[in-house]
Amino acid sequence: MSRTTVLHWGRALLGAACGIALGITLFQRWHDVAVAEAWLNARLVAAIGLADSTSVGAAVTFPLDQRWVGFLVSTGCSVAMLLIPPFVLASLLVGFRRLTLPRAAIAVSLAVALLVTVNQVRLAAVVAAMQLWGFELGYQRSHVLIGSAISTVGLIAVAIVFLLLVGSGRRPGRLSSAR
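Quick caveat: nothing in here was measured; it's all calculated off a predicted structure.

The rules behind the values
- Residues numbered from 1 in each chain as written.
- Predicted model: local features only at pLDDT ≥ 70, side-chain atom pairs only at ≥ 80, totals over all residues.
- Heavy atoms only, no water.
- Phe/Tyr/Trp six-rings, centres within 6.5 Å; stacked < 30°, edge-to-face > 60°.
- Helix = DSSP H or I, 4+ residues; strand = E, 2+ residues; numbered from the N terminus.
- Buried < 20%, exposed > 50% of the residue type's maximum accessible area, 1.4 Å probe, protein only.
- Lys NZ or Arg CZ within 6 Å of the ring centre and 35° of its normal.
- Axes fitted to C-alpha atoms, helices over the stretch in contact; angles between N-to-C directions.
- Parallel < 35°, antiparallel > 145°, perpendicular 65-115°, else oblique.
- Contact = heavy atoms within 4.5 Å.
- Nonpolar A, V, L, I, M, F, W, Y, C, P; charged D, E, K, R; others polar.
- Patch = residues over 30% accessible without salt bridge, like charges linked within 9 Å, V, L, I, M, F, W, Y side chains within 5 Å.
- Areas by Shrake-Rupley, 256 points an atom, 1.4 Å probe, with all protein chains shown as cover.
- Salt bridge = Lys/Arg side-chain N within 4 Å of Asp/Glu carboxyl O.
- Pairing = 2+ DSSP bridges.
- Core = buried A, V, L, I, M, F, W, Y, C linked by side-chain atoms within 4.5 Å.

Going through the model one piece at a time under the given rule, you end up with one aromatic pair. Between the aromatic rings of W9 and F96, the centroid separation amounts to 5.5 Å while the plane-to-plane angle is 85 degrees, which identifies the pairing as edge-to-face. Pair noted here: W9 is in helix α1 (residues 3-28) and F96 is in the loop between α3 (80-95) and α4 (101-133), with a separation of 87 residues, a long-range link. The partly exposed category is assigned to F96, whose relative accessible area is 28%. Across the ring face of W133, the terminal group of R141 is positioned such that the distance to the ring centre comes to 4.8 Å.

Here it is as structure tokens:
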């Protein structure tokens with residue numbers, strides 16, 4: 001094997017290792033992400049006037065019909081697991097020199113911002129539905145139907161934006177080897 005080939009595969013393995021390490025960290029620390037999401041959602045819900053909400057750990061609580069109710073941002077409701085693919089894919093593409101580090105950072109940052117935004121809208125929709133239809137019916141409608149629609153449309157949009165960002169532009173190192 002030539003020195004260039006060894007360096008190429010070494011970079012690729014380093015990129016893969018970084019992506020996998022970030023993915024493992026997000027997987028292990030998902031509850032910390034959920035706590036941050038609950039805090040953010042409680043502030044959002046209060047700021048837009050849906051409810052006088054607060055967060056306790058990974059739960060968002062608010063008054064409804066003269067009692068405090070809420071929901072827990074669980075593993076399935078948290079954005080933490082959805083953040084793993086952009087980090088891993090971008091790290092691999094940087095490692096294989098198919099993507100520059102600045103472009104990868106922009107793509108991942110935008111994907112994270114959009115994923116968090118979509119999830120915050122979904123969680124706010126849960127609160128709005130509970131305010132509109134009551135605790136049980138509002139939660140059922142918003143969590144299953146409305147929340148799934150918001151998540152599906154949002155995930156498709158984020159995937160398209162991410163793929164357009166990582167797929168466009170020239171590849172680093174390709175220009176000089178083409179001459």
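Structure's up, so let's keep going.
It is worth spelling out unusual backbone geometry at this point. Phi at Q66 takes a positive value of approximately 60 degrees, unusual for a residue other than glycine. For Q66, the location among the structural elements is in the loop between β2 (59-64) and β3 (67-72). You can call Q66 exposed: its relative accessible area is 85%. Unlike most non-glycine residues, R97 shows phi in positive territory, near 60 degrees.

For the pair α1 and α3, interaxial distance at closest approach is 7 Å and the crossing angle is 170 degrees. The orientation of α1 relative to α3 falls into the category roughly antiparallel. In this structure, α1 contributes H8, R11, A12, G15, A16, C18, G19, I20, L22, G23, L26 and F27 to the contact, and α3 contributes A80, M81, L83, I84, F87, V88, S91, L92 and G95. In terms of residue class, the contact of α1 with α3 is made up of 14 nonpolar, six polar and one charged.

Below, the discussion takes up a nonpolar patch on the surface. On the surface, M1, V6 and W9 cluster together into a nonpolar patch covering about 390 Å² of accessible area. Here V6 shows up in helix α1.

Moving on, we get to the pairing of β2. Along β2, five of the six residues are buried, which leaves the element largely enclosed by surrounding structure. The turn linking strand β1 (residues 54-56) back onto β2 is made up of two residues, and G57 within it adopts a positive phi angle of 65 degrees.

The next subject is the nonpolar core. With 18 residues, the main nonpolar core has F62, F71, V73, V127 and M130 as its most contacted residues. Apart from the residues within four sequence positions on either side, F71 is in contact with N41, A58, A59, V60, F62, L123, V126, V127 and Y139. Counting 16 residues, the second largest nonpolar core, distinct from the first, contains L26, A107, A111 and F162.

Here we take up the packing of α3 against helix α5 (residues 135-167). Direction vectors running N to C along α3 and α5 enclose 10 degrees, while the axes themselves pass 12 Å from each other. In terms of axis orientation, α3 runs roughly parallel to α5. Judged by residue contacts, L82, P86, L89, A90 and L93 of α3 engage L155, F162 and V166 from α5. Of the residues assigned to the contact of α3 with α5, the class counts are eight nonpolar, no polar and no charged.

Note that all results are geometric; they support no functional claim without further evidence.
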